[in-house]
Amino acid sequence: MWFRNARVFRFTKPFAITAEELEEKLGADAFKPCGPQETSRQGWVPPLGKHGEQLVHSAGGYHLIALRKEEKILPGPVVKEAVEERAEAIEFEQSRKVRRKEKDEIKEQVMLEMLPQAFSRNRRCYAYLAPQDGVLVVDAGSAKQAEDLASTLRKSLGSLPVRPPAVEQAPAFTFTGWLNETIDLPGSIVLGSECELKDPSEDGGVVSCKGLDLRADEIRNHLDAGMQVTKLALTWDDNVSFVLDEELGIRRLKFGETLQEQLDDVDVDDAVAKFDAAFTLMTLELSRLIPGLLEALGGEDRSAIVEE
């Protein structure tokens, strides 16, 4: 159980919930498959998959949950072809032109007829609540996917006082300072070999750099021209590598050999116990990484957070 991404939400006021309370709330919105005429449906599923029945897996005060979304797939070209065939048949039989509004109605009818035989695409999005750390962490590659899970969780719980964390200075400003050496790089952070540069002007371009020394002259020339760093590959504490963007989205998480060795040292053959051990190691590491990153980026702006 290793997250590949981490989108962090900060609780804006004290939030406490037990595993039992969370289980009960999520149970009301447990996943059910799409009906014959439904295009999509989502709901909560056991994060352990076939190895568990509980909708919440808790360890060390961290509560892991999983949202499943089912979407019916109707290939656009197939739908379009069927609509055209029916429109042509109407025009031939009734000697009249089929207008756009009528074609839209035909399309709706075609889709309704095809839905029961459509293929389904299922996706799972994992997240964990860490009330003691004041964060919700979502394994999502995009902000939209993370927001969708947070919104669904809010509906299930009735209230979820979270927002993305804010820092005292713009992340792009800090990233740029690290590369042009106007801001000291913290000792716990090592630069990777990937970054994205943007021209801040309205029609400015974007430069993606991979496999390069980020302190090289070619990077410095872009910075001297006024470009800003909006994504940056980093390694934290020699143990976790990732790409961090200006929205504080953490992508392509890779946990180092030390954590993997710790997991290998867990002398268990049981899949659930192994899952639990990996989840515990991951959450403990992220509980160090998240505040460490916020501090490295100039400190967290907690002005909108109600302290206990």
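As the structure is a prediction and not an experimental result, all values here were calculated from the model.

Q: I'd love a proper account of the pattern of salt bridges, names of residues and values included.
A: Enumeration according to the criterion identifies 16 salt bridges in this entry. Across the pair Arg 86 and Glu 113 runs a salt bridge, and its minimum N-O distance is 2.4 Å. Of this pair, Arg 86 sits in helix α2 (residues 76-94) while Glu 113 is found in helix α3 (residues 100-114), placing the two residues 27 residues apart along the sequence. Judged by its relative accessible area of 33%, Arg 86 falls in the partly exposed class.

Q: Account for the packing of helix α5 (residues 171-180) against helix α6 (residues 217-224), naming residues and giving values.
A: A pair of packed helices can be characterised by two numbers: the angle between their axes and the separation between those axes. Their axes nearest at 10 Å, the elements α5 and α6 cross at an angle of 135°. Regarding the angle of α5 to α6, the classification is oblique. Helix-helix and strand crossings are classified by hand; for α5 and α6 the assignment is left-handed. Residues Thr 176, Leu 179 and Asn 180 of α5 form the contact with α6, whose own contacting residues are Ile 219, Arg 220 and Leu 223. Of the residues belonging to the contact of α5 with α6, the class tally is three nonpolar, two polar and one charged.

Q: I'd love a proper account of the packing of α2 against α3, names of residues and values included.
A: Following both chains from N to C, one finds α2 and α3 inclined at 125°, their axes separated by 9 Å at the closest point. Here α3 runs oblique to α2, going by the angle between their axes. Of the two possible hands of crossing, α2 and α3 adopt the one that is right-handed. Of the residues in α3, those in contact with Val 78, Val 79, Ala 82, Val 83, Glu 84, Arg 86, Ala 87 and Ile 90 of α2 are Glu 102, Lys 103, Ile 106, Lys 107, Gln 109, Val 110, Met 111, Glu 113 and Met 114. For the contact of α2 with α3, the class distribution of residues is 10 nonpolar, one polar and six charged.

Each value, and the rule that gives it
In this convention, every chain numbers its residues from 1, walking through the sequence in written order. pLDDT decides what is reported in this predicted model: residues at 70 or higher carry local features, side-chain atom pairs at 80 or more are listed and counted, and totals for whole chains, interfaces and linings draw on all residues regardless. Only heavy atoms go into the side-chain values, all of them from the structure, while hydrogens and water stay out. When a carboxyl oxygen of Asp or Glu lies within 4 Å of a side-chain nitrogen of Lys or Arg, that pair is called a salt bridge. To qualify as a helix, a DSSP run of H or I must reach at least 4 residues; to qualify as a strand, a run of E must reach at least 2; elements of each kind are numbered from the N terminus. Burial classification: accessible surface area is computed with a 1.4 Å probe over protein chains only, and a residue below 20% of its type maximum counts as buried, one above 50% as exposed, and the rest as partly exposed. Orientation is described by axes fitted as lines to C-alpha atoms, over the contacting stretch for helices, and by angles from 0 to 180 degrees between their N-to-C directions. Oblique is the label for any angle not covered by the other classes, which are roughly parallel (under 35 degrees), roughly antiparallel (over 145) and roughly perpendicular (65 to 115). Crossing chirality is assigned from the near helix's rotation relative to the far helix, an anticlockwise turn below a right angle marking it left-handed and a clockwise turn marking it right-handed. Throughout, a contact is declared for two residues whenever any of their heavy atoms are within 4.5 Å. Basically, the charged four are Asp, Glu, Lys and Arg, the nonpolar ten are Ala, Val, Leu, Ile, Met, Phe, Trp, Tyr, Cys and Pro, and anything else, Gly included, counts as polar.

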